[in-house]
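Spelled out from the first residue to the last, the chains are:
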Amino acid sequence: MMILVVDGCAPEYLTEETAPDLFRLARENGFAKIVESQMPSVTNVNHACILSGLCPKDTGVVGNYYYDPATGGEGFIEERGFMQAETILQAYRKAGGSTALFTVKGKVLGVYGEGADIGLSAQDPDEELVKALSLPPAPPIHSARSTEWILQAALSCMEKYSPDLMYCTNNDFIFHHYAPGTPQAKQQIAYVNEYVRRIHELEPQRQIYITADPPSCYPFAGGRKPVPVQQGYCRHRSAPHLIQEEAP
Ligand SMILES: [Zn+2]
């Protein structure tokens, strides 16, 4: 199985034009449906829920930051110890399966990487693994190319190790800065489209689930203003697509 979380992706970014292979694969042997995002719709909260199938009250991860009223301590949630629920990575491993977690953002590996046999982040890459997977040096994490790089790494990992479970995610920077239809957003979706097609061609029997932690809203076309994801959640908050595809 592969679970791909396209960080910050709203349904409006995914169209027949921007992602023709995803639409074809979903039509041919999968399905697509609207599912609910957890609130607040930010990266940490949704990874916790997608990885565990539980709600924020049960995962204990309710934001990207923490504040402890008892001690006055506060900071970013970037390392182990915050996630209170078992992840699908841990469950797979318990059942004897092999697991991988590949992410652009380092904190995803930091917070959720406990059950991963193989872990890689573009932000802080394990150079030995980069070499083993014959990858070029990691690009800046705020570029669309970081999405290409992590998906290339996932493909390469499947060629080499074929883990039973691959959990892969990118960075929401592009979708938080560029509206649907902009060249930057289309480029990022093009990478997702291309690599999902290639992964399916490499391992047609692997189930692929694609979902997102959607942005509360996205910028207007051409806009470069960061979306204030921590405040004022938009009413039209988008829900992610979920696509599964199976061998015929
Ligand atoms: Zn995010």
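Residues numbered from 1 in each chain as written. Predicted model: local features only at pLDDT ≥ 70, side-chain atom pairs only at ≥ 80, totals over all residues.

**Observations concerning the confidence of the model for the chain**
Summing up the model confidence of the chain, the mean pLDDT is 87 and the portion of residues at 70 or higher is 86%. Long-range and interchain partners of residues 219-248, a stretch whose pLDDT sits below 50, account for 80 contacts in this model, where long-range means more than four residues apart. (pLDDT = per-residue confidence, 0-100. Contact = placed C-beta atoms within 7 Å.)

**So, the environment of Ser146**
On the secondary structure map, Ser146 appears in helix α7 (residues 145-160). Exposure remark for Ser146: the 23 C-beta atoms within 10 Å place this residue in the buried category. In the structure, Ser146 is positioned 42 residues away from Val104 in sequence and 6.6 Å away in space, judged by C-alpha atoms. In this structure Ser146 touches Val104, Ala122, Pro139, Pro140, Ile141, Asn170 and Asn171, once residues within four positions along its chain are discounted. (Helix = DSSP H or I, 4+ residues; strand = E, 2+ residues; numbered from the N terminus. Buried ≥ 20, exposed ≤ 12 C-beta atoms within 10 Å, placed from the backbone.)

**Thoughts on unusual backbone geometry**
Cis geometry marks the peptide bond from Met39 to Pro40; its omega dihedral reads -5°. With respect to the helices and strands, the residue Pro40 is situated in the loop between β2 (30-34) and α2 (43-52). For Ser162, which is not glycine, the phi torsion reads 40° and is therefore positive. Looking at the secondary structure, you find Ser162 in the loop between α7 and β7 (165-169). Classification of Ser162 as partly exposed rests on a count of 13 C-beta atoms within 10 Å.

**Describing α2**
For α2, the tally of buried residues reaches 10 of 10 residues, placing the bulk of the element in the interior. When α2 is considered as a whole, its buried residues turn out to be Thr43, Asn44, Val45, Asn46, His47, Ala48, Cys49, Ile50, Leu51 and Ser52. Along its buried surface, α2 packs onto β1 (2-7), α3 (56-59), α4 (88-94), α5 (106-112) and β8 (208-213). With its phi angle positive at about 75°, Gly53 sits one or two positions after the end of α2.

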